[in-house]
Amino acid sequence: MGKIKVASIWCEGCSGCHMSFLDMDERLVELINKGLEINATPITDLKVPDEDTDVGIIEGAVATNHHEEEVKMMRERCKFIVALGDCAVFGGIPTMRNYFSKEELLERGYITTESTVEGKIPTSEEIGKHLPKTKAVNEVIKVDFYIPGCPPSADAIYYVLREVLEGRVPKLEGELLKYE
Amino acid sequence: MEKIRIRVNGNEVEVSPDKTVLQVLKELGIHVPVLCHYEPLMPQGSCRICVIEDRGVLKTACTTPVEPNMDIKTDTPSVINSRKLVLKLLFSERNHYCMYCEVTGECELQDLGYEFGLDHFEFPTYERRFPVDNSHDFIMIDHNRCVLCRRCVRACSEIAGHYVLGEMERGIDTMIIADMNLPLGSSSCVSCGLCAQVCPTGTIIDKRASYLGRELQSDIIYSNCDLCPVGCGLEIYKKKGANFIIKIYGDWNSDVSYGVLCKVGRFLSLYDNKERVKGIRLKDEFGYRRIHEDDLLSLIKSKLNNAIAYVDGSLFNEELELIRELFKDKVYSIYPTESPIPTNINLKDLDNGSFFVVIGVDLNREYGTVGSFVKRNVIGKKAKLMVVDKGFNSLAKIADYVFNIKDLGLALDILKKEKEIIVIYKSLSKDEGKILESLSNARFLHLPLETNTVGLQKLRIKHDKVSAENVFIFGRNLEGIRDLPIENSFTLIFTPYENNQLYKGDVIVGVNDGFEREGTFYNLEGKKLRKEKVLKPAYDVIDLKTFLSYVLGKTEKVS
């Protein structure tokens, strides 16, 4: 049982899946004791995972060109990619915007929202640009394992990481496989 | 019938030849997943989830009859892979993302996804946006969720007989439509709601039931509807630990309605917002004032001499019997109770009818379940229909013959030539009754005015207008007391709903109604049916049965 280096990123999602990850509570310590090494994640606030990362966990759908780059970087640097949560697996709630044009979307988000007084669509070059369509991660890169759920239960995440740590291929079934 | 021998997963079995493969496998306890198949509907075999392998060929279990020498295999890789591929394709067509769907948690497509362990969409999705039809009062159709199983289309025609839903276009462009692609709200839909009951996904949704709770969170109570004399079987979903009903389904096992319901039974009973009579009110020189139940009891005891009772057909047998005991033969019905020609046919026999005569009643508007039985035979099985009415009747458009009631004599010539006819009527004049009784080939179904009219008949309670010193009135529908000679009487009214005739009462007592009440009644066929108590009364009202038995000294305490 060797060490397993895990990294995660957070694309177009609500961070609920990372909350579920933290929801493993003391089982997280158990996993670390078993050899889990947490590398670049939104939790550790490191942006770029090491090149020899074993498991890359992706939360959220791919909505902008930034997400696309990050996801591709994960694929290059990680041996095993896990799509975590409905947005990464299916596209999820962010794909609701696929029914509208980009212009409608930005206007609704930044100008006509009820709580907005004088709205302005941000134009900074540093902000990611929306892709024509919000996509599930497997439409951009090859995904090795899927954990659906909104959010997936801490039990499901724990089960998958434990199986990987113990050198088995996980298989989600029963209560662990949920679409909602 | 002689049994045939087939092989199922390598084992020899003997089965009857008049069954489909799916039925046989079900009897053998072998699970076969289905989606478009729904037991009471004709099998169609369009979704291909139920495929099995027979001698190397994939066949749909739901539509394939068993035949000798079959070698059925249900778990070969080709069967599993075919089912899985179909499921993946179904999930990729339209929007089957569960998170923001109303039925998530009791969706048959979702269950199949779990069963086959689908953990992602293999094919790209979310390409097309389909319309959402929110034009109907009770039902919403979200075409984005549709899997085109046509259960709704089949239920609407085969079972409910309305023939409103259909489909247009082909393949991936197929759309479920109402009439000639009208919004459901402006179509000829009569709101029976069966389509929402059979829909496997979140496409056809009962608007009121949305987000109120899942089947797992409900107590399911089987009861009979007491809103008209048909007495359809209800499957009531009451939220566990709460005092409200999520939804009402038609009970497929009911031997009255066989799953059919009408707008009234499924929806209107839950949308009821009529003003209730609360507490006990006594009239004095200053108007009405609330009095206590004990005061009411002593008042009643002092008024029982020289008293008569008026009842309506909303009362259950138990209540009527107690009233009978209290007032002996001085009990009268507010409304007429007689059947001009006695009923001599069961609702079930309507399905064997070849010629229907409907007199003076629009079955799309009232007695909807009888309407479904007639329509599914007239439109679906080409039975003949004659409509006889005074004015507009929406059944006329599917009728073979339409007569004005004045010309009943002319219609008789046609009726005499038929082998067997079924006459369905609501009320008849004496002459009309005589004309129809002369038909030797006719069987009759009387649609009584009120729920328990037949119960009133059995207790020999007759419609009459009698006056007395003290008058007790019991009932839900009090429009009829307008004509009663009760001006100079001391009047006590026991009713659940406020009514503009209530000013005639010297004492007005609120009683429970609807799902707060239990009891038995006789439906139009004369079957004794039971209405179950589902909810606790949310108002300060009395239970008539408990109260009357207390007055009679049968029970100790009034709850």
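Please refer to the structure placed before this passage.
Everything in this summary refers to the structure shown in the same document. (Residues numbered from 1 in each chain as written. Chains lettered and ligands numbered in written order. Predicted model: local features only at pLDDT ≥ 70, side-chain atom pairs only at ≥ 80, totals over all residues. Heavy atoms only, no water.)

### What about the interface of chain A and chain B?
Turning to step 1, where the next piece is worked out: Contacts between the two partners involve 20 residues from chain A, matched on the other side by 23 residues from chain B.
Turning to step 2, where the next piece is worked out: Summing both partners gives a buried area of about 2000 Å² for chain A against chain B, and 61% of it is carried by carbon and sulfur.
Turning to step 3, where the next piece is worked out: Of all residues in chain A, F90, Y99 and Y179 of chain A give up the largest surface area on contact with chain B, accounting jointly for 38% of the area buried on that side.
Turning to step 4, where the next piece is worked out: Inspection of the region where chain A meets chain B yields zero salt bridges.
Turning to step 5, where the next piece is worked out: At the boundary of chain A and chain B, one finds eight residue pairs in polar contact (both at pLDDT 80 or more).
Turning to step 6, where the next piece is worked out: Among the elements that line the side of chain A that touches chain B, the one with the most residues is helix α4 (residues 86-90) of chain A, at three residues. (Contact = heavy atoms within 4.5 Å. Buried area = accessible area lost by both parts, 1.4 Å probe. Salt bridge = Lys/Arg side-chain N within 4 Å of Asp/Glu carboxyl O. Polar contact = N/O pair within 3.5 Å; in protein donor to acceptor, adjacent residues only side chain to side chain. Helix = DSSP H or I, 4+ residues; strand = E, 2+ residues; numbered from the N terminus.)

### Quick notes on the sheet that holds strand β12 (residues 233-239) of chain B
All names here are of chain B.
Turning to step 1, where the next piece is worked out: Read across the sheet, three strands follow the order β11-β12-β13 without closing on themselves; strand pairing throughout is antiparallel. The open sheet has two edge strands, β11 (218-224) and β13 (245-250), and neither has a second partner. Sheet twist, expressed as the mean angle between neighbouring strand axes with direction ignored, is 25°.
Turning to step 2, where the next piece is worked out: Looking at chain direction, β12 and β13 are connected through five bridges and run antiparallel. Following the sheet pairing, L234 is matched in β13 by G250. (Pairing = 2+ DSSP bridges. Axes fitted to C-alpha atoms, helices over the stretch in contact; angles between N-to-C directions.)

### A look at the sheet that holds strand β1 (residues 4-10) of chain A
All names here are of chain A.
Turning to step 1, where the next piece is worked out: Taken in spatial order, the five strands of this open sheet run β2-β1-β3-β5-β7, and their pairing is parallel. Of all the strands in the sheet, the pair left with one neighbour each is β2 (36-38) and β7 (145-147). Direction aside, the axes of adjacent strands within the sheet are offset by 30° on average.
Turning to step 2, where the next piece is worked out: With three bridges joining them, β1 and β2 adopt parallel strand pairing. The residue bridging I4 from the neighbouring strand is L36, located in β2.
Turning to step 3, where the next piece is worked out: Sheet strands in contact with helix α3 (residues 65-77) are β1, β3 (53-59) and β5 (78-84), and its direction is about 135° off that of β5.
Turning to step 4, where the next piece is worked out: On top of the sheet, helix α6 (residues 154-165) reaches β1, β2, β3, β5 and β7; it is set at about 155° to β7, its chief contact.

### What to know about the nonpolar core
Turning to step 1, where the next piece is worked out: Counting 65 residues, the largest nonpolar core has M24 and I58 of chain A as its most contacted members.
Turning to step 2, where the next piece is worked out: Looking at this core, the element that brings in the most residues is α6 of chain A, giving nine residues.
Turning to step 3, where the next piece is worked out: Residues from two domains meet in this core; each of domain 1 (4-75) and domain 2 (92-206) of chain B gives at least three.
Turning to step 4, where the next piece is worked out: Filtering out sequence-adjacent residues up to four positions away, I58 of chain A remains in contact with I9, C11, V71, M74, I81, V82, A83, L84, A88, V137 and I141 of chain A.
Turning to step 5, where the next piece is worked out: In this structure, I236, F373, A399 and L524 of chain B belong to the second largest nonpolar core, which totals 48 residues. (Core = buried A, V, L, I, M, F, W, Y, C linked by side-chain atoms within 4.5 Å. Buried < 20%, exposed > 50% of the residue type's maximum accessible area, 1.4 Å probe, protein only. Domains from an automatic or database assignment.)

### Quick notes on the pattern of salt bridges
Turning to step 1, where the next piece is worked out: Applying the stated criterion to the full structure yields 53 salt bridges over all chains.
Turning to step 2, where the next piece is worked out: R168 of chain A is paired through a salt bridge with E163 of chain A; the nearest N and O atoms lie 3.0 Å apart.
Turning to step 3, where the next piece is worked out: In this structure E163 of chain A comes out as buried when scored by relative accessible area, which is 7%.
Turning to step 4, where the next piece is worked out: E498 of chain B is paired through a salt bridge with R281 of chain B; the nearest N and O atoms lie 3.1 Å apart. Remark: R281 of chain B occurs in strand β14 (residues 280-284) and E498 of chain B occurs in the loop between β24 (490-495) and β25 (507-510); sequence separation between them is 217 residues.
Turning to step 5, where the next piece is worked out: Of the residues examined, E498 of chain B reaches a relative accessible area of 30% and is grouped as partly exposed.
Turning to step 6, where the next piece is worked out: The buried category is assigned to R281 of chain B, whose relative accessible area is 18%.
Turning to step 7, where the next piece is worked out: Linked through salt bridges whose partners overlap, the residues forming this network are E30, K34, R162, E163, E166 and R168 of chain A.

### A short note on the environment of M1 of chain B
Residue and element names in this part refer to chain B.
Turning to step 1, where the next piece is worked out: Along the chain, M1 falls in the segment before β1 (4-8).
Turning to step 2, where the next piece is worked out: Sequence separation between M1 and S218 is 217 residues; the distance between their C-alpha atoms is 43 Å.
Turning to step 3, where the next piece is worked out: Ignoring anything within four residues of it in the chain, the contact list for M1 reads P17 and D18.

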